[in-house]
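Here's the letter readout for the chains.
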Amino acid sequence: MSAPLAGELDIVIPTIRNLDFLEEWRPFFQPYHLIIVQDGDPTKKIAVPEGFSFELYNRNDIERILGDKAWAISFKDSACRCFGFMVSKKKYIYTIDDDCFVAKDPSGKPINVLEQHIKNLLSPSTPFFFNTLYDPYREGADFVRGYPFSLREGVTTATSHGLWMNIPDYDAPTQMVKPKERNTRYVDAVMTIPKGTLYPMCGMNLAFDREIIGAAMYFGLMGEGQPIGRYDDMWAGWCTKVICDHLGVGCKTGLPYVWHSKASNPFVNLRKEYKGIFWQEEIIPFFQNLTLNKTTTCVEDCYLELADKVRKGLGHIDPYFSKLADGMVAWIEGWRMLNPPKAA
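None of these values were measured; they are calculated from a predicted model. (Residues numbered from 1 in each chain as written. Predicted model: local features only at pLDDT ≥ 70, side-chain atom pairs only at ≥ 80, totals over all residues. Heavy atoms only, no water.)

J.: So what's going on with the pattern of salt bridges? Residues and values would help.
T.: Following the criterion strictly, the structure yields 18 salt bridges and no others. Taking the shortest distance from any N to any O, the salt bridge between Glu63 and Arg59 comes out at 3.5 Å. Of this pair, Glu63 and Arg59 both sit in helix H2 (residues 59-66), 4 residues apart, which is roughly one turn of that helix. Across the pair Glu300 and Arg336 runs a salt bridge, and its minimum N-O distance is 2.7 Å. Residue Glu300 is found in helix H9 (residues 299-314), and its partner Arg336 is found in helix H10 (residues 320-338); the two are separated by 36 residues along the sequence. (Salt bridge = Lys/Arg side-chain N within 4 Å of Asp/Glu carboxyl O. Helix = DSSP H or I, 4+ residues; strand = E, 2+ residues; numbered from the N terminus.)

J.: I'd like to hear about helix H1 (residues 22-29), residue by residue, with values.
T.: Side chains that are three or four residues apart share a direction in an α-helix, a result of its 3.6 residues per turn. Looking only at H1, the buried set comprises Leu22, Trp25, Phe28 and Phe29. The buried residues of H1 all sit within an arc of 100° when viewed along its axis, so they share a single face. Structurally, H1 contributes buried residues whose contacts are with strand E1 (9-15), strand E2 (33-38), strand E4 (92-96), strand E5 (100-102), helix H4 (113-122) and strand E9 (250-260). (Buried < 20%, exposed > 50% of the residue type's maximum accessible area, 1.4 Å probe, protein only. Arc of directions from axis to C-beta. Contact = heavy atoms within 4.5 Å.)

J.: Tell me what's going on with the layout of surface pockets, and back it up with residues and numbers.
T.: Space inside the second largest pocket adds up to approximately 540 Å³. Looking at the second largest pocket, it is lined by 22 residues, and the ones nearest its centre are Asn112, Glu115, Gln116, Lys119 and Leu255. No other element matches the 4 residues that H4 contributes to the lining of the second largest pocket. In terms of residue class, the lining of the second largest pocket is made up of 10 nonpolar, 4 polar and 8 charged. (1 Å grid on protein atoms, 1.4 Å probe; cavity = no way out; pocket = protein on both sides within 12 Å on 5 of 7 lines; lining within 4 Å. Points joined across faces, edges and corners; volume = space filled by probe spheres on them. Nonpolar A, V, L, I, M, F, W, Y, C, P; charged D, E, K, R; others polar.)

J.: Report on the UniProt feature "site: Required for activity" (unreviewed entry) in the chain, specifying residues and quantitative values.
T.: Mapped onto the present numbering, the UniProt feature "site: Required for activity" (unreviewed entry) falls at Arg145 and Arg152. Within the secondary structure, Arg145 sits in the loop between H4 and strand E6 (157-166). If near-sequence neighbours (up to four positions away) are discounted, Arg152 is found in contact with Tyr137, Phe143, Val144 and Tyr147. Of the polar contacts made by the side chain of Arg152, one reaches the backbone oxygen of Tyr147; its length is 2.9 Å. (UniProt positions renumbered as here; feature names shortened; annotations may be inferred. Polar contact = N/O pair within 3.5 Å; in protein donor to acceptor, adjacent residues only side chain to side chain.)

J.: Residues and numbers for empty space enclosed by the protein, please.
T.: Any empty space left between atoms is shown by rolling a water-sized probe over those atoms. In the structure shown here, the tally under the stated rule is 4 cavities of 30 Å³ or more. Here the largest cavity is characterised by a volume of approximately 60 Å³. If you trace the largest cavity, you find it lined by Met222, Ile228, Tyr231, Trp235, Trp238, Ile283, Tyr320, Phe321 and Leu324. Looking at the lining of the largest cavity, the elements with two or more residues in it are helix H7 (232-247) and H10.

J.: Describe in detail the side chain of Arg59, supporting the description with residues and values.
T.: We classify Arg59 as buried; its relative accessible area is 10%. Within the local environment of Arg59, its side chain forms a polar contact with the backbone oxygen of Ile73, the two atoms lying 2.8 Å apart. Discounting residues that sit within four places of it in the chain, Arg59 has contacts with Gln38, Pro42, Ala70, Trp71, Ile73, Ser74 and Phe75.

J.: So what about the environment of Phe21? Which residues, and what values?
T.: If you trace the backbone, Phe21 turns up in the loop between E1 and H1. Put simply, Phe21 and Leu133 are 112 residues apart on the chain and 36 Å apart in space, counted from C-alpha to C-alpha. Once residues within four sequence positions are removed from consideration, Phe21 is found in contact with Ile13, Ile96, Asp97, Asp98, Cys100 and Phe101.

J.: Which residues make up the packing of aromatic side chains, and what are the values?
T.: A complete count under the given rule lists 22 aromatic pairs for this structure. With centroids separated by 6.4 Å and ring planes inclined at 80°, the aromatic side chains of Phe130 and Tyr134 adopt a geometry described as edge-to-face. Look at Tyr134 and you get partly exposed, because its relative accessible area is 39%. Judged by centre distance (5.3 Å) and plane angle (75°), the rings of Tyr320 and Phe321 are edge-to-face. Assigned by exposure class, Tyr320 and Phe321 land together as buried. Connected via pairs of aromatic rings, a cluster forms that spans Tyr231, Trp235, Trp238, Phe286 and Phe287. Here the guanidinium or amino end of Arg152 rests over the ring plane of Phe149, the centre of that ring lying 3.7 Å away. (Phe/Tyr/Trp six-rings, centres within 6.5 Å; stacked < 30°, edge-to-face > 60°. Lys NZ or Arg CZ within 6 Å of the ring centre and 35° of its normal.)

J.: Please set out the UniProt feature "glycosylation site" (unreviewed entry) in the chain residue by residue, giving values where relevant.
T.: In this structure's numbering, the residues bearing the UniProt feature "glycosylation site" (unreviewed entry) are Arg145. Judged by its relative accessible area of 85%, Arg145 is exposed.

J.: Describe the pairing of E6, listing the residues and the values that go with them.
T.: Working note: regular strand, side chains alternate between the two faces of the sheet. Buried residues dominate E6, accounting for 10 of its 10 residues. Relative to E9, E6 runs parallel, the two being bridged by 9 bridges. Along E9, the bridge assignment pairs Met165 with Trp259. In this sheet, strand E8 (residues 205-209) lies alongside E6 in antiparallel orientation, the contact comprising 3 bridges. (Pairing = 2+ DSSP bridges.)

J.: I'd like a description of the nonpolar core, backed by residues and values.
T.: Among the nonpolar cores identified, the biggest contains 68 residues, and Trp235, Ile243, Phe287, Tyr303, Leu306 and Met328 are the most heavily contacted of them. Among the elements of the structure, E2, H2, helix H3 (82-87), E8, H7, helix H8 (266-288), H9 and H10 are those that each provide at least two residues to this core. It is H10 that contributes the most residues to this core, 10 residues altogether. Apart from residues lying up to four places away in sequence, Leu306 is in contact with Cys239, Val242, Ile243, Phe287, Leu290, Leu292 and Met328. Ranked by size, the runner-up nonpolar core spans 37 residues in total, among them Ile13, Leu34, Tyr92 and Ile118. (Core = buried A, V, L, I, M, F, W, Y, C linked by side-chain atoms within 4.5 Å.)

Quick look at the structure:
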């Protein structure tokens, strides 16, 4: 089986347990390098199946590598995965949760998620005008009548957001009222999220171009010592979307699917989410109305400008947002330390 971009893509997995789930993914993941971010107790030994190329980082490693900036990487929360984005040296990242397995398409064929994500990333996006046949670059589709010819080249794709069969990614209140609901609907489509439209980005099955948007893919301050959880990927999604819109690059959602095997406890989730459920009613209008300086074209500078706006625009909600803005700045300082600018 060919492995596209095998030397240019890292797979980042946050975990607290042995990675037996990789056995099912072996045909698809073995050609790629894994970056495993071990959360929780750093003295616990995590077993990785034989035959995989990987590096593993625990909390001690994060503190050793980042020093006084390590506090910005969440502890006891899957948000720690973004440390893997920072230490990678590859152009592309795919990140997956350890309770996600290989899904099958309607014909029963196992879905090669990396192949589809790579197709999504390597073909253009169309954020400025919606195509009613969805992805116009796909075999058997095209731009429909009335689509401006001046926009048909599209723009570079920064993010490919995949979906999940079986357990849907619901918030706690929805989980509580629909405890038995399962996603059995396979929608064979990929679409570009239009410019100016935010979306709830899930980190469970996500690929992105690290060179274009990696420095903004910070999963915030969650977990131990923080007043909120389960908004790590949401925060990264809102931040990266406004920066992608500003930079004129695209975000796609749809295929590929993974099989999400395990429903998390809705009562535990509610405890983590409940402040966020209120706060997001102010956070989302903040992002919808946000504009970045037209002269800012570097993703790191965009993110620092965004951190300043978060401090000024959301700090009144709760002191957490000033701390989060500090975390965003520390994240960029850490990113620059590990990813110095290439010599011209």
